Amino acid sequence: MDEQQSLPPHVLIFPLPLQGPVNSMFKLAQLLCFSGLHITLLLTENIHTRLVLHTDISSRFDQFPGFQIKTISDGLQEDHPREGSKFLEVFDSLRSKTKPLFKDMLTSGLLSSGKRRPVSCIIADGVLGFTCDVADEIGLPIFCVRTISPCCLWIFFCLPKLIESGEYPFKDDDLDEPITSVPGAEAFLRRRDLPGFCRSGDLQDSNIQLFKTEGQENSRAYGLILNTFEELDGLILNQMRTVCPNLYPIGPLHANLKNRLTEAKTSLRPSSNSLWAEDRSCIDWLNNQPLKSVIYVSFGSIATMTNEQLMEFWYGLVNSGQRFLWVIRPDSVAGEDWKNKIPADLAEGTKERGYIVGWAPQEEVLGHPAVGGFWTHCGWNSILESVYEGKPMICWPYFLDQQVNSRFVEAVWKLGLDMKDTCDREIVEKMVKDLMVVRKEEFLERANHMSKLAKNCLMEGGSSYSNFEHLVKDIKSLSD
Ligand code: UDX
């Protein structure tokens, strides 16, 4: 055996350049590194610059031996907004401009050294289909990761069937019409619960074009890594195995990593990978609030709202009489400068019972004993973080998988209330009161039950624990 072959397998991990996917792929990278593999985490230059600005990534990763970060261009101008509706331009650019750079990087020997083998395996976000082409071309094994929810991914897999059956595009405007050609979801899925872009009704919609081939694309990889756990998503995972037999549900990833590090009694800590500066003053504020009295409100890293929506939400929250901690990112509100036009009654109600920050340490907030509920946009990371901490949810889905996720929260897991397609202060007020007061016990009981299952699956012998061991074993054997 030559000297380099005796070194650990070298895995290149390439996340989609968005906060949610970057978060979960960072955790996966650290988990694999902690299991003795060498890791190169490949970030776009834009994401890397933002991380360096707001986090301690370099010092945190120095502690993980065998870990390195490399950067690659996403092919866009520095001042391109890259978020919201502009995100599809990032996809196009990654496909056309980044793909050749990615191949060069893998074949140039740039990523190996005396102490590190050449890359022996790739793990990439499954939506970056070009990584499978490159893996094929240069003969490397590849695993795909999907950081969106499996329930939405399953709908992507079923898009050709929905189109063939005539259920999509919709024949009329009735969004409550049931959907019958998504196996496993016949009992509860309605048109309004399909991914947000399905509302366009246009078969040529760029999202439909992008996601229609998901089943074929993801089954090209050796296996599909998912951030979920069997006890939460068994229904959907069983359906998905008919298309991709080799599934690795290893979530909730954020807690999987924390558990492994704690179990090993190491001083290593998961890195913070926020793309915004965290305002920790909210933890001091929470420390002074009664047990389970606060609803935490956050709509993730991409969702935006209009000034009118902001007002409806805000009045609803204040009128509910409940305490609230609200994340309003600097780019959350489209249009007018809302900070200079806050009505006096809202300012007063917020001073009494509310706290607003630009970005919060969310995992810590959700784990805080003062937090009793979470009003979320239903991003997949947010849902898993909430499930793990046993916090019931109000769902206001914005786009993509969030319309599907919110239906699952209410109708399948019974962990909260789905506010989709409404934005009215009276509905907000009622839902907040229902979650935090009227139906508090019922939701807390369900949330505690699911939280226990999430915790157990990460213990030795639990489903995600075993699936992760299996993944490491498979990476090692494919790297030989
Ligand atoms: C996007 C999509 O919205 C989501 O539906 C998809 O599943 C993944 O990509 P995003 O909008 O960023 O993600 O939402 P989410 O998946 O919930 O991720 C947000 C992350 O940012 C979470 O890990 C959350 O802990 C973190 N966060 C959010 C903070 O740390 N602080 C905040 O104030 C808000």
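Everything below is about the structure shown above.
We now turn to the structure provided with this report.

Cut-offs used in this document
- Residues numbered from 1 in each chain as written.
- Predicted model: local features only at pLDDT ≥ 70, side-chain atom pairs only at ≥ 80, totals over all residues.
- Helix = DSSP H or I, 4+ residues; strand = E, 2+ residues; numbered from the N terminus.
- Rg over C-alpha atoms; globule rule 2.2 N^0.38 Å.
- Buried ≥ 20, exposed ≤ 12 C-beta atoms within 10 Å, placed from the backbone.
- Contact = placed C-beta atoms within 7 Å.
- Pairing = 2+ DSSP bridges.
- Axes fitted to C-alpha atoms, helices over the stretch in contact; angles between N-to-C directions.
- Near = placed C-beta within 6 Å.
- Nonpolar A, V, L, I, M, F, W, Y, C, P; charged D, E, K, R; others polar.
- Core = buried A, V, L, I, M, F, W, Y, C linked by C-beta atoms within 7 Å.
- Expected span 1.5 Å × (residues − 1).
- Parallel < 35°, antiparallel > 145°, perpendicular 65-115°, else oblique.

### Let's talk about the overall build of the chain
Of regular secondary structure, the chain possesses 19 helices and 13 strands. Computed over its C-alpha atoms, the radius of gyration of the chain comes to 22 Å, within 12% of the 23 Å expected for a compact globule of 480 residues. With the C-alpha coordinates aligned to their principal axes, the bounding extent of the chain is approximately 70 × 55 × 50 Å. Residue burial in the chain is summarised as follows: out of 480 residues, 45% are buried. Taking as baseline every contact in the chain between residues at least 6 positions apart, the subset at least 24 positions apart corresponds to 72%.

### Some details on the sheet that holds strand β12 (residues 393-395)
Taking strand neighbours across the sheet as the criterion, the 6 strands line up as β10-β9-β8-β11-β12-β13 in an open arrangement whose pairing is parallel. Edge positions in the sheet fall to β10 (354-357) and β13 (416-418), since each of these pairs with one other strand and no more. Strand-to-strand twist across the sheet, computed as the mean angle between neighbouring axes with direction ignored, equals 15°. Taken together, the 5 bridges between strand β8 (residues 294-298) and strand β11 (residues 371-376) define a ladder with parallel strand orientation. Each bridged residue has a counterpart across the sheet, and for V297 the counterpart in β11 is W375. Those strands touched by helix α13 (residues 344-353) are β9 (323-327) and β10, and its axis lies near 100° from that of β10. The sheet contacts of helix α17 (residues 425-438) involve β8, β11, β12 and β13, and relative to β13 the element is tilted by about 165°.

### What to know about the sheet that holds strand β3 (residues 67-72)
If you trace the 7 strands from one edge of the open sheet to the other, you get β3-β2-β1-β4-β5-β6-β7, paired in parallel fashion. Looking at which strands have only one partner, the edges of the open sheet turn out to be β3 and β7 (247-249). Ignoring strand direction, the axes of neighbouring strands in this sheet form an average angle of 20°. Note: strand β5 (residues 142-146) against strand β6 (residues 223-226), 4 bridges, orientation parallel.

### Notes on the site of the ligand
Around the ligand, 25 residues are found, and the nearest of them are G20, G300, Q362, G379 and W380. Listed by contribution, the elements that provide at least two residues to the shell around the ligand are α1 (19-34), α14 (362-366) and α15 (380-389). Partitioning the shell around the ligand into residue classes produces 9 nonpolar, 13 polar and 3 charged.

### Focus: helix α10 (residues 253-263)
Taken together, the buried positions of α10 are L253, H254, A255, N256 and L257. Looking at the buried residues of α10, the elements they touch are α1, α14, α15, α18 (440-456) and α19 (463-479). Just downstream of α10 lies K265, where phi reads positive at about 50°.

### Regarding the environment of H10
Here H10 lies in strand β1 (residues 10-14). Given 21 C-beta atoms within 10 Å, H10 falls into the buried group. Taking C-alpha positions, H10 is 27 Å from Q216, a pair spaced 206 residues apart along the chain. Filtering out sequence-adjacent residues up to four positions away, H10 remains in contact with H38, T40, S112, R116, R117, P118, V119 and S120.

### Thoughts on the environment of L51
You can see L51 is positioned in helix α2 (residues 45-54). Each C-alpha atom, one on L51 and one on R269, is 17 Å from the other, the two residues being 218 residues apart in sequence.

### A short note on the nonpolar core
Judged by nonpolar contacts, the single largest core of 134 residues is most densely connected at I13, L325 and I394. Broken down by element, this core gets its largest block of residues, 10 residues, from helix α6 (residues 150-164). Not counting the four nearest positions on each side in its chain, L325 is found in contact with C282, W285, L286, V294, Y296, V297, Y355 and V365.

### Things to note about α19
An α-helical turn contains 3.6 residues, so any two residues separated by three or four positions project in the same direction. Between the first and last C-alpha of α19 there are 24 Å, a value that for 17 residues agrees with the 24 Å anticipated at 1.5 Å per step. Along α19, the residues classified as buried are S463, S464, Y465, N467, F468, L471 and I475.

### Describing the packing of α15 against α18
One way to put it is that α15 packs onto α18 with a least axis distance of 6 Å and a crossing angle of 100°. By the angle between their axes, α15 is roughly perpendicular relative to α18. On α18, the residues that touch V387, Y388 and E389 of α15 are M450, S451 and A454. Split into classes, the residues belonging to the contact of α15 with α18 amount to 4 nonpolar, 1 polar and 1 charged.

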